[in-house]
Amino acid sequence: NTEPLSKFFLDGRYARDVNTTNPLGTGGKLANAYAAFLREVWSGEYTVVAPVTLKHVVGQFASQFSGYQQQDSQEFMNFLLDGLHEDLNRVRVKPATEPVESRGRPDEEVAREAWEVFRRRNDSFLVDSLHGQFRSHLTCNQCGNESITVDPFLSVSVPIPAEDKRDIIVTFVPADGGVPTQFSTTVRRVASFGELKAWVSARTGVPTHAIVCGDVFSSRISRFLHSDLTVAEVRPSDVIILY
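Computed from a predicted structure; not experimentally measured.

Trainee: Let's hear about the environment of Met77: which residues, and what values?
Mentor: Mapped onto the fold, Met77 is located in helix H4 (residues 73-87). In this structure, the C-alpha to C-alpha distance between Met77 and Ser155, residues 78 residues apart in sequence, is 9.1 Å.

Dropping the structure here:
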């Protein structure tokens, strides 16, 4: 679903760049298998596509992905994209290069030179479309020497932020035999059931100390939820009833 990359394979342009002599690639096997897979996916002829050939080629050149064990999806994506890049690398003979140091120069100049050096060994449609640059700034704690480099990247790992809040539904059952009432609210995951009881108390007029909170399973109270317990310690599927 990366449109420029898919079009590049579907319209056959990739075939002009297939590099069969690159020792870091697969001799074009991965690129051809991926192109065939995309043609099947986008043909509109099938309701189900099994990427058997693509999986076989991947397992042939990366043994960690052979077999049917569960694998890390990010590792697989990095291998696939890097393998496609090397299979389509327009550089047939890679020259030796040296890392680019800043030596006090402006970042734009350092980045431009570092990109030119990288492109001497790496020139493919994937580099054109998917690569970028990171600025890395290191300072020695002892001598104060600074090293600023600009490095290429193909993918960026970012943490998934933890959801701090949670929707919760509770049922309030009055002691006088009145009709039970459902309350829905959004609370912090670290909120306590004491806070939740105070929130219900403000809406029902029943004192907090008179409210008992229960966790119901199979129409029975499986446990009482004391006031210090946090909302995060209860499963979202649990039924919470306040008596």
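Having seen the model, we can carry on.
Trainee: A description of the packing of aromatic side chains should follow, citing residues and the corresponding values.
Mentor: With the rule as written, the count across this model stands at 10 aromatic pairs. Considering the side-chain rings of Phe65 and Phe76, the 5.6 Å spacing of their centres and the 85° angle between planes classify their relative orientation as edge-to-face. With Phe65 in the loop between helix H3 (52-61) and H4 and Phe76 in helix H4, this pair connects stretches of sequence that are 11 residues apart. We classify Phe76 as partly exposed; its relative accessible area is 30%. One aromatic cluster is present, built from ring pairs that chain together Phe8, Phe9, Tyr14, Tyr34, Phe37 and Phe125. When the ring centre of Tyr68 is taken as origin, the NZ or CZ atom of Lys55, which lies over that ring, is 4.6 Å away.

About the thresholds
Residues numbered from 1 in each chain as written. Predicted model: local features only at pLDDT ≥ 70, side-chain atom pairs only at ≥ 80, totals over all residues. Heavy atoms only, no water. Helix = DSSP H or I, 4+ residues; strand = E, 2+ residues; numbered from the N terminus. Phe/Tyr/Trp six-rings, centres within 6.5 Å; stacked < 30°, edge-to-face > 60°. Buried < 20%, exposed > 50% of the residue type's maximum accessible area, 1.4 Å probe, protein only. Lys NZ or Arg CZ within 6 Å of the ring centre and 35° of its normal.

In short, the description is geometric, and any link to function would need to be established separately.
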